[in-house]
Structure formats: C-alpha cells, structure tokens
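Structural overview for review
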Amino acid sequence: MAKAVTNSLTKKRRRVSDIVLKSLIFLSSGIVVALTLGMIIYIAVKGTEGMSLNFLTTPAFSYPYENYGVLGNIINTLYLVVITLIIATPVGVGAAIYLTEYAKQGRLTRIIEFTTETLAGIPSIIYGLFGSVFFYNIFKVNYSLLTGALTLSIMVLPTIIRTTQEAIKTVPMGYREGAVGLGAPKWHTIRTVVLPSCIDGILTSVILSIGRIVGESAALIFTAGIAAEVGINSLGDIFGKVMNQGGSLTVQLYQYAQRGGAEMKYAFSTALVLLVTVLIINICAKLVAYRIRKKRSV
C-alpha cells in the first residue's frame, strides 16, 4: 500500500514537472516568435513612410543628399553576396571534406577545428581592419567590392567549414562502406554518395553565410567604402564594377541612421529593403535545395 502511494506521488511530481517544462518551452518559443514578429512589423510600418518607387530605383548621392535611394546599394549587396560565395563556398566545403574524410583525426585536426571556431567569434571590425591593410599591402587593391568580398570570404569560412563538417558527419558510414565495396575510389564515393547525402547541410551553411554577408557593415566600411552609385553604364562595367567602391545596404542604413532627423525614415525603409532582400535570397536558396533533392530522388 505504501509503495503504491509512493509511486502515485512520484508520477504526480513527474506530471507536474513535465507540465512546468512544457509551459516554459512554449513560453520561450512564444517570446521568440513575438519578438521576431514585433520587430518585423515595426520595421515594416516605419519603413513604409519613406518607401517609394523612386527610393527603390534611385541611387543615393553624396551628402548632402539631393535624392534618397538604395538602388546602388542593392546592386552592391548582390555583388558582395555572389563574389563572396564564389570564393568562400568551394574553399570552405573543400576544407570540411579534407578535415572530415582525409585528415588523420588527432591533435592537429582538433587545433584546426578549434582555430576555426575561434575565428567565427572575432569581431567583424577586426576583419575589416585586417582586410584593408592586408589586401592593400599585398595585392595593392584599394577600397572596392572585391576587397570587401575577399574580407567577407574570410569571415564566413568558419561558418561554412564547421556546418559542412557536421553535415558530412551525419552521413552513415554504411553509405561509404557500400560504395567502397562496389569498388568506388574515395573521391568518387565522396562526390557521388557523401556530398549528395548532406547537400541540405551544405546549403544551410551557405544560407547562414548569406545572412552574415548581407548584415555586415563594420568590415565593409573599412574595405568596400560607402559609395552608393550604380556604376554600370555598359556591359563591360558589370565586371569592372568589382574594382570600384560600393556601400552595401547596411552601410547605407548606417549613414541614414547616423544623421537622424528627417533621414531616419529612410533608414527604416532601407532596413525593410534589407529584410526583403534576405528573404528573397533565402527563398531562392531553398528552391535550389528543393530542386537538388528532387533531382536526386528521381
């Protein structure tokens, strides 16, 4: 009888603790969702005050502004995203493959992984200072989109490497053993079995990198400059623009917000454009991932 009562009390305590934990989990989730939605709604409402077709299709001129716009900054941001990913993605994925599939697991590998994680926590302004000095002294490149993209590539490498590593580790060893048993070389196994199986994780690292690229400002002020001109008047300018200065959306947002006053509404409008840009880029990345998964399943 006493044992039955004890068991009953224990079950009640467990139920109470489960209810409390579930309540805390739902409360935490609700707070996160509420804060996120609140921020988005606030920026959307404030951003519409300065939003117009002219704002989206006109570049901002040098201060004092004769016109307010973000067209040049949108183009600069897209340039930075594309160039940075072209540089960082192959290097990051390649490094992750080497560390996971080829490197002998030991002290050196652990040191490299620890260093990579440490690099992810370095303030971006330090990357900007390093990029402005290093690329100017070594490659003799002044403020330009290329310098900014090279600096951002160094910044996002830790994210791509570590996320891709974890994705590769989730692939069961049986997949590799089966391919090797059929006579497939190691690289062929990695290329046709391992990488397709963890493509979602690799794309996740790319999406996380895009978020950091688009949201970066401190490093770009040191390396890419603050120019907001479109700078594309002919087909040749599409490639030549990478050697020109170019402020991203976040840099332009900083300039509007720094001056305050009447320009504050344009800062919120720029923030709204930035949110929409990130959303569109992430949707495109998700669509690419979906197409790859669909093609792989056929």
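See the structure shown above.
Now for a look at the structure at hand. (Residues numbered from 1 in each chain as written. Predicted model: local features only at pLDDT ≥ 70, side-chain atom pairs only at ≥ 80, totals over all residues. Heavy atoms only, no water.)

A short note on a nonpolar patch on the surface
The test is simple: Patch criteria: residues need more than 30% relative accessible area and no salt bridge. Like-charged residues are merged within 9 Å; nonpolar side chains of Val, Leu, Ile, Met, Phe, Trp and Tyr are merged within 5 Å. The method behind every accessible area is Shrake-Rupley, applied with a 1.4 Å probe, and residues are considered shielded solely by the protein chains displayed. Any Lys or Arg side-chain nitrogen found within 4 Å of a carboxyl oxygen on Asp or Glu counts as a salt bridge. By definition, any uninterrupted DSSP run of H or I lasting at least four residues is a helix, any uninterrupted run of E lasting at least two residues is a strand, and each is numbered from the N terminus. For every residue, the accessible area obtained with a 1.4 Å probe (protein chains only) is divided by the maximum for its type, and the residue is called buried under 20%, exposed over 50%, and partly exposed between those limits.
On the surface, Val16, Val20, Leu21, Leu24, Leu27, Ile31 and Leu35 cluster together to form a nonpolar patch covering roughly 660 Å² of accessible area. One can find Ile31 in helix α1 (residues 2–47). Owing to a relative accessible area of 44%, Ile31 belongs among the partly exposed residues under this scheme.

Structural notes on the packing of helix α4 (residues 107–120) against helix α6 (residues 145–169)
This is how the line gets drawn: All axes are obtained by fitting lines to C-alpha atoms, using only the stretch in contact for helices, and the reported angles, taken between N-to-C directions, cover 0 to 180 degrees. In this scheme, roughly parallel covers angles under 35 degrees and roughly antiparallel covers those over 145, while 65 to 115 is roughly perpendicular and the rest are oblique. In this scheme the handedness of a crossing depends on how the near helix is turned from the far one: anticlockwise by less than a right angle means left-handed, clockwise means right-handed. Note on contacts: a residue pair qualifies if any of its non-hydrogen atoms lie within 4.5 Å across the two residues. Gly falls in the polar group here, along with every residue not listed as nonpolar (Ala, Val, Leu, Ile, Met, Phe, Trp, Tyr, Cys, Pro) or charged (Asp, Glu, Lys, Arg).
Between α4 and α6, the least distance of the axes is 8 Å, while the angle of their chain directions is 130°. The orientation of α4 with respect to α6, classified from their angle, is oblique. Both α4 and α6 take part in a crossing whose hand is left-handed. Each of Glu113, Thr116, Glu117, Leu119 and Ala120 in α4 lies in contact with α6, whose residues at this interface are Pro158, Ile161, Arg162, Gln165 and Lys169. Of the residues assigned to the contact of α4 with α6, the class counts are four nonpolar, two polar and four charged.

What to know about the packing of aromatic side chains
Rules: What counts as a ring pair is set by centres within 6.5 Å for rings of Phe, Tyr and Trp (its six-membered ring), and what kind of pair is set by the plane angle: stacked under 30 degrees, edge-to-face over 60, tilted for all other angles.
Under the defined criterion, the tally for this structure stands at five aromatic pairs. Taking 5.2 Å as the distance between ring centres and 75° as the angle between the ring planes, the aromatic pair formed by Phe134 and Phe135 counts as edge-to-face. Looking at Phe134, the relative accessible area reads 31%, which means it is partly exposed. Classification of Phe135 as buried rests on a relative accessible area of 5%.

Brief notes about the nonpolar core
Where we set the bar: What we call a nonpolar core is a set of buried Ala, Val, Leu, Ile, Met, Phe, Trp, Tyr and Cys residues that are connected through their side-chain atoms within 4.5 Å.
Ranked by internal contacts, the top residues of the largest apolar core, which has 45 residues, are Leu80, Val81, Cys198, Ile210 and Ile213. Only α3 (71–102), α6, α8 (186–197), α9 (199–215), α10 (218–223), α12 (249–259) and α13 (264–297) provide two or more residues apiece to this core. A per-element tally of this core places α3 first, with eleven residues.

Quick word on α12
What α12 keeps buried is the set Leu249, Thr250, Val251, Gln252, Gln255 and Tyr256. Positioned one or two residues after α12, Gly260 has a phi angle of 60°, which is positive.

Regarding the side chain of Thr109
With respect to the element layout, Thr109 can be found in helix α4. By relative accessible area, which is 4% here, Thr109 ends up buried. In this view, Thr109 contacts Leu99, Ala103 and Lys104; residues no more than four positions away in its chain are not counted.

Describing the side chain of Ser269
As for its position among the elements, Ser269 is in helix α13. Non-local contacts of Ser269, meaning those with residues more than four positions away in its chain, are made with Gly47, Gly50, Met51 and Phe55.

Re the packing of α3 against α8
Packing of α3 against α8 brings their axes to within 12 Å, and their N-to-C directions diverge by 110°. With respect to α8, the element α3 is oriented roughly perpendicular. Seen along the crossing, α3 lies across α8 with a hand that is right-handed. Residues Ile97, Glu101 and Tyr102 of α3 form the contact with α8, whose participating residues are Lys186, Trp187, Ile190, Val194 and Leu195. Looking at the contact of α3 with α8, its residues break down into six nonpolar, no polar and two charged.

Regarding α3
Because each turn of an α-helix spans 3.6 residues, side chains separated by three or four positions end up pointing in the same direction. Test applied: Each helix should span, by expectation, one fewer than its residue count multiplied by 1.5 Å. Two axes define the bend at a residue: one fitted to the seven residues ending there, one fitted to the seven starting there, and the bend is the angle between them.
With 32 residues, α3 should cover 46 Å at 1.5 Å per step; its first-to-last C-alpha distance of 45 Å lies within 8% of that length. Along α3, the helix axis deviates most sharply at Leu85, where the bend reaches about 30°.

Points about the pattern of salt bridges
Inspection of the entire model under this criterion finds five salt bridges. In this structure, Arg162 and Glu113 form a salt bridge, with 3.9 Å as the shortest nitrogen-oxygen distance. One end of the pair, Arg162, is in helix α6; the other, Glu113, is in helix α4, and 49 residues separate them in sequence. On the basis of relative accessibility, which here comes to 17%, the residue Arg162 falls in the buried class.

Keep in mind these numbers describe shape, not what the thing actually does.
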